[in-house]
Amino acid sequence: MMAQLSFMQIFARRAKVPGAIIIDGGSGYCKYGWSKYNDITGKSATFLEFGNIETPIFSRLTHFFATIYSRMHVKPSAQPIVVSLPICHYDDTESAKASRRQLKETIYSVLFDMNVPAVCAINQAILALYAARRTSGIVVNVGFHCTSVVPILHGKVMRKVGVEVVGLGALKVTGFLRELMQRRNINFESLYTIRSLKENLCYVASDYEAELSKDTRGSYYAASEGWFTLSKERFQTGEILFNPRMAGIITMGLHQAVALCMDHCQSAAVTADESWFKTVVLAGGTACLPGLAERLEKELHGLLSPSMSNGIRVLPPPYGEKSAWFGAKLISNLLPWALVHEEEAVPTKGETQPHVVTDHIQLVIIVLIFYL
């Protein structure tokens, strides 16, 4: 049984914890590092890129985790680990539930086979929300292939309310910038250069039509390729998040998907306080485009009724593309292995219920909100 501790006693134990390994799987690439350090240690490909389409998921994950531990020069048995679960299998159907459960159980199985002492696996969207010091809200994760609009109440994904998925992600945004540059006969050697230009020159206009009449030229020096100067491409690139048809993509705009999610949240009436879904937190590298949060908030106010739009706030990624990793860092030293005796709450290899590691997450977040 868990010892009775005050919040301040629990918080004080953070200094005594040696640190956990944190791995954020991401959707484009993985970020990994130590909870005791101020930033990530490195990046790698995601576990989906280890092996090929015929490689069993267990083998992919084994190779993936072994590679991370090797790069960090640490034995798997030395520290507990926090792993972010990718935002996938969005539905509340039995099939989707089974797929999510299978992935989580496979992660646990692989890590316990590697003699990891304790494991905590948490959804990426929840971690991004924690990084913003929130426990409830809507997380808009602009992933590599698609964008997910995830409603979260008290640290739990509300799949019954509905997770909206937009078939437009970072890959298509970068691809559209490449297309715009090719139209102007701007030569480049690699997609890495295009991505660098997107990250350093592109932004989202508050008013697209008004921006067209402005001088928006900007230059950036790309290593080994020299200087690039872009003009309208700078804001046209991010505009497809709101008007996908510009890039020939038939799907909802970002504002429409978020508005639909809010409408579902209100209709579900899961709590008397409707303010829980009016905080929107952006996540993902492409979500870091300057002006995106302000534009999304403006569009939502124009799309929704005054009663619904009142109080809406859209927050940019609190830690940029690393928000999920920092969300895990914030809670890692407050998880059960830091709160109770090992034999009481930390699952070990062979246990049938590894999920007990996450049973105290609500307590963890209460401590975070009030003492960090």
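Residues numbered from 1 in each chain as written. Predicted model: local features only at pLDDT ≥ 70, side-chain atom pairs only at ≥ 80, totals over all residues. Heavy atoms only, no water.

Caption draft 1: View of the packing of aromatic side chains. Scanning the entire structure with this criterion turns up 10 aromatic pairs. Summarising the aromatic geometry, the rings of Trp325 and Phe326 are spaced 5.1 Å apart at their centres and angled 80° between planes, so their arrangement reads as edge-to-face. The same class applies to Trp325 as to Phe326, namely buried. Taken together, Phe47, Phe64 and Phe65 form an aromatic cluster joined through their ring pairs. Seen from the ring of Phe242, Arg295 lies directly overhead, with NZ or CZ sitting 4.5 Å from the centre. (Phe/Tyr/Trp six-rings, centres within 6.5 Å; stacked < 30°, edge-to-face > 60°. Buried < 20%, exposed > 50% of the residue type's maximum accessible area, 1.4 Å probe, protein only. Lys NZ or Arg CZ within 6 Å of the ring centre and 35° of its normal.)

Caption draft 2: Summary view of the pattern of salt bridges. Per the counting criterion, the structure on display carries 11 salt bridges. For Asp39, the salt bridge is made with Lys322, and the minimal N-O distance between the two is 3.1 Å. Linking Asp39 in the loop between strand S2 (30-34) and strand S3 (42-44) with Lys322 in the loop between strand S13 (313-315) and helix H12 (323-332), this pair joins segments that are 283 residues apart in sequence. Among the salt bridges present, the one from Glu199 reaches Arg195, with a minimum N-O distance of 3.7 Å. Note that Glu199 and Arg195 are positioned in helix H6 (residues 191-201) at a spacing of four residues, about one turn of the helix. Because the salt bridges share partners, they merge into one network encompassing Glu239, Arg295 and Glu299. (Salt bridge = Lys/Arg side-chain N within 4 Å of Asp/Glu carboxyl O. Helix = DSSP H or I, 4+ residues; strand = E, 2+ residues; numbered from the N terminus.)

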